[in-house]
Amino acid sequence: MQKKWLISWIGETDHKAAEGTLRDGVGPVANALMDSSVKYDCIHLLTNYPHERSVQFCDWLEQKTGYVAVNLQDVHLAGPTHYADIYLQVSQFLTELKLPKDNIELTFHLSPGTPAMAVIWIMLAKTRFPASLIQSLQSKLDDGTVTFGIEKVDFPFDLASDFLPEFLQRSDQRIERLAAAPLSHAPEFAKIIHCSAMMQEQIDLSRRVAIHNVPILILGETGTGKELFATAIHEASRRKAQAFIAVNCGAIPKELVNSELFGHKKGAFTGADSARKGHFREADGGTLFLDEIGDLPLDAQVRLLRALQEGQITPVGETNPIKVDVRIIAATHRDLMAEVAAGRFREDLFHRLAVGIIHLPPLRDRSEDIELLIEHSLARINNDSRDLPEWQNKIISVGAKNILLSHSWPGNVRELYHTLLRAAIWSRQAEITAADISRNLLQMPASTNQILDQPLHKGFDLQALLDQVERHYLQRAIKKSAGKKKQAAEYLNISNYQTLSNRMEKLGISSGEQAE
Ligand SMILES: Nc1ncnc2c1ncn2[C@@H]1O[C@H](COP(=O)(O)OP(=O)(O)OP(=O)(O)O)[C@@H](O)[C@H]1O
């Protein structure tokens, strides 16, 4: 059974009500407790007024509302509008109460106290201490009497990911402006062009996890934007003023991995003519992006695990560990679970890294993004090239767009941009045609994935794809058997050559036709 707790500041209006100097009503705190629709199990009141004055208020409140044992907490603030101090003191108070707790339903009262106090309640309710919010209502009737009530305050924004990093970093003045401004999306993620729900979900997850100081694992094929996400997460974190160091683990020679990551002492090994700091210490205080983490040799994985667990590293050739404060964002295009199963990636390291997992879907699974990315890429190409002599502003034909929409994009966004760039450079006229795109689309050798990973869209023709596979093997069998249908049927385990002839006819293959 959930218990209901009300937590509120005591404001000047509340004190005046108790002292009998308030013209109308009983003040917002008493108002909330007299609301017959809810019964609180526990009430915590914070005060930055003289202790005695608030004690008298609590006595009056208990008599007035029938609630007994109201808990009073003195809070000595640097000032009633000092946002940072209010934030620190209130969150410390809530933490000492061991909140949040599963069996306690919290309500914060926004009305008592200063607007700064209300802003901090909203921030805390939408982030570390999930809570309902209430405020006092006051209305004047036609006969001049004033009535009071309580209403729930509801708004569907996620402050944790939208604003907290900003709140924690900017000055009070900036916070005041932010509090007054309409809520917007975290700007760091604006560079990620998308309109698919799949990507939106991953962006929301990233924004949420960015502010927490936990490792993140980003999974996705090459060119899906793993580094773009890592940068945005760093920018949206409290570490944004510190270094962001990106390291491609796959590009470091195996024997140098430890020294590159953890540094080395001068003379630690042959060729170590001078000491090296290593990427961990370069990223101290900031974020280390370990791209292609799946390529990390096993002994470096052990050292990385230790660095994550203990927050310290030992440079090669040194004996004493050094403390480092680094947030790891790792990425890989590999199936890391399969690597764990095959014994090539340590399971303990996997679990340590995979606190927040972001899955970036391949471009072929989000055709709505392809269209948007075409527009943005073309705008970028036109903008970058506008000062070139004889450059014509490029537009794209419908036919060209259709080819781009049905390509399987093994290289994802990077490949799409470079295909458009090549087509824009080589097309003679302003309009990029279907022929321009076909010429500039790099056709990878047919692979299983190209057959299995065709983009799914309305009008997708499964039968046509199956026919294509069948046609390909029939042609190869005809070629291998030098046109002898009986032998070709045997290669394909088709019972007789008449069946083969029927299939060939259906698929429009002549006996002389062979696969490339
Ligand atoms: N959604 C997107 N919006 C805009 N640009 C994107 C998007 N996704 C990727 N890009 C761009 O595509 C290129 C490749 O992205 P990025 O380097 O982040 O991919 P990656 O997954 O880290 O690739 P790799 O695995 O090959 O390192 C970059 O120029 C990046 O800015």
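About the cut-offs
Residues numbered from 1 in each chain as written. Predicted model: local features only at pLDDT ≥ 70, side-chain atom pairs only at ≥ 80, totals over all residues. Heavy atoms only, no water. Helix = DSSP H or I, 4+ residues; strand = E, 2+ residues; numbered from the N terminus. Buried < 20%, exposed > 50% of the residue type's maximum accessible area, 1.4 Å probe, protein only. Polar contact = N/O pair within 3.5 Å; in protein donor to acceptor, adjacent residues only side chain to side chain. Near = heavy atom within 4 Å. Areas by Shrake-Rupley, 256 points an atom, 1.4 Å probe, with all protein chains shown as cover. Axes fitted to C-alpha atoms, helices over the stretch in contact; angles between N-to-C directions. Left-handed = near helix turned anticlockwise from the far one by under 90°. Contact = heavy atoms within 4.5 Å. Core = buried A, V, L, I, M, F, W, Y, C linked by side-chain atoms within 4.5 Å. Disulfide = S-S within 2.5 Å. Pairing = 2+ DSSP bridges. UniProt positions renumbered as here; feature names shortened; annotations may be inferred. Salt bridge = Lys/Arg side-chain N within 4 Å of Asp/Glu carboxyl O. Parallel < 35°, antiparallel > 145°, perpendicular 65-115°, else oblique. Nonpolar A, V, L, I, M, F, W, Y, C, P; charged D, E, K, R; others polar.

Under an unreviewed UniProt entry, the protein has the name Sigma-54-dependent Fis family transcriptional regulator and belongs to Iodobacter ciconiae.

The next point concerns the side chain of Ser501. Looking at the secondary structure, you find Ser501 in helix 23 (residues 497-506). For Ser501, a relative accessible area of 13% gives the class buried. In this structure the side chain of Ser501 is engaged in a polar contact, spanning 3.2 Å, whose partner is the side chain of Lys485.

What follows deals with the site of the ligand. Among the 16 residues in the neighbourhood of the ligand, the closest are listed as Ile193, Thr222, Gly223, Lys226 and Leu228. Gly223 has a polar backbone atom sitting 3.0 Å from an oxygen atom of the ligand. Here Arg414 contributes a side-chain N or O atom positioned 3.0 Å from an oxygen atom of the ligand. Contact with the protein chains hides 79% of the accessible area of the ligand, taken as 630 Å² for the molecule alone.

Quick look at the packing of helix 1 (residues 12-19) against helix 3 (residues 51-65) now. Packing of helix 1 against helix 3 leaves a shortest axis separation of 9 Å and a crossing angle of 65°. The element helix 1 and its partner helix 3 pack so that their crossing is left-handed. From helix 1, Glu12, Asp14, His15, Lys16, Ala17, Ala18 and Glu19 reach across to helix 3, where they touch Arg53, Ser54, Phe57 and Trp60.

All right, on to the environment of Leu456 then. Tracing the backbone through its elements, the reader meets Leu456 in the loop between helix 20 (448-452) and helix 21 (462-480). Assessed through its relative accessible area of 63%, Leu456 is described here as exposed. Considering only alpha carbons, one finds Leu456 and Leu97, 359 residues apart in sequence, at a separation of 52 Å. Excluding residues that lie within four positions of it along the chain, Leu456 makes contacts with Arg364 and Ser367.

This paragraph deals with unusual backbone geometry. Of the consecutive residues Leu99 and Pro100, the connecting peptide bond is found in the cis state with omega at -5°. Of note in this structure, Ala69 is not a glycine but carries a positive phi near 55°. We classify Ala69 as exposed; its relative accessible area is 57%. One non-glycine residue, Glu390, lies in the positive phi region at around 65°.

This brings us to the nonpolar core. In terms of nonpolar packing, the biggest core is built from 32 residues, with Phe280, Leu288, Leu290, Ile293, Leu304 and Ile328 touching the most fellow members. Secondary-structure elements contributing two or more residues to this core are strand 7 (216-220), strand 8 (244-248), helix 11 (257-262), strand 9 (287-291), helix 13 (298-310), strand 12 (327-332), helix 14 (336-341) and helix 15 (347-353). When residues in this core are grouped by element, the largest group, 5 residues, is from helix 13. Residues contacting Leu304, with those up to four places away along its chain left out, are Phe262, Phe280, Leu290, Ile293, Leu296, Ile328 and Leu349.

According to the stated counting rule, one finds 0 disulfides in the structure shown. Distance from the sulfur of Cys58, which forms no disulfide, to the nearest cysteine sulfur (Cys42) is 12 Å. Under the relative-accessibility criterion, Cys58 is labelled buried at 5%.

On to the sheet that holds strand 8, then. The parallel open sheet is built from 5 strands, whose spatial order is 8-9-12-7-13. Two strands lie at the open edges of the sheet, namely strand 8 and strand 13 (356-360), each paired on one side alone. The mean inter-strand angle of the sheet, taken between neighbouring strand axes irrespective of direction, is 15°. Of the strands in this sheet, strand 7, strand 8, strand 9, strand 12 and strand 13 are in contact with helix 10 (residues 226-235), which crosses strand 7 at around 155°.

With that out of the way, let us pick up the UniProt feature "domain: Sigma-54 factor interaction" (unreviewed entry) in the protein. In the numbering used here, UniProt assigns the "domain: Sigma-54 factor interaction" (unreviewed entry) feature to residues 192-425. Structurally, residues 192-425 comprises 44% helix and 14% strand, and the distance from its first C-alpha atom to its last is 25 Å.

Pairing between side chains of opposite charge can happen when the charged atoms of each approach one another. Counted according to the given criterion, the structure contains 17 salt bridges. The salt bridge partner of Glu371 is Lys401, with a shortest N-O separation of 4.0 Å. One end of the pair, Glu371, is in helix 16 (residues 367-385); the other, Lys401, is in helix 17 (residues 398-406), with 30 residues separating them in the sequence. Among the residues examined, Glu371 registers a relative accessible area of 34% and is labelled partly exposed. Residue Lys401 is classed as partly exposed on the basis of its relative accessible area, which comes to 21%. Sharing partners across several salt bridges, the network here consists of Asp295, Arg334, Glu339 and Arg344.

In this section: the packing of helix 4 (residues 83-96) against helix 5 (residues 115-125). Running from amino to carboxyl end, helix 4 crosses helix 5 at an angle of 50°, the nearest separation of the two axes being 10 Å. The angle between helix 4 and helix 5 places the two elements in the oblique class. Crossing of helix 4 over helix 5 shows right-handed handedness. Side by side, helix 4 and helix 5 meet where Tyr83, Ile86, Tyr87, Val90, Ser91 and Leu94 of the first sit next to Ala116, Met117, Val119, Ile120, Trp121, Met123 and Leu124 of the second. When the residues that make up the contact of helix 4 with helix 5 are grouped by side-chain class, the tally is 12 nonpolar, 1 polar and no charged.

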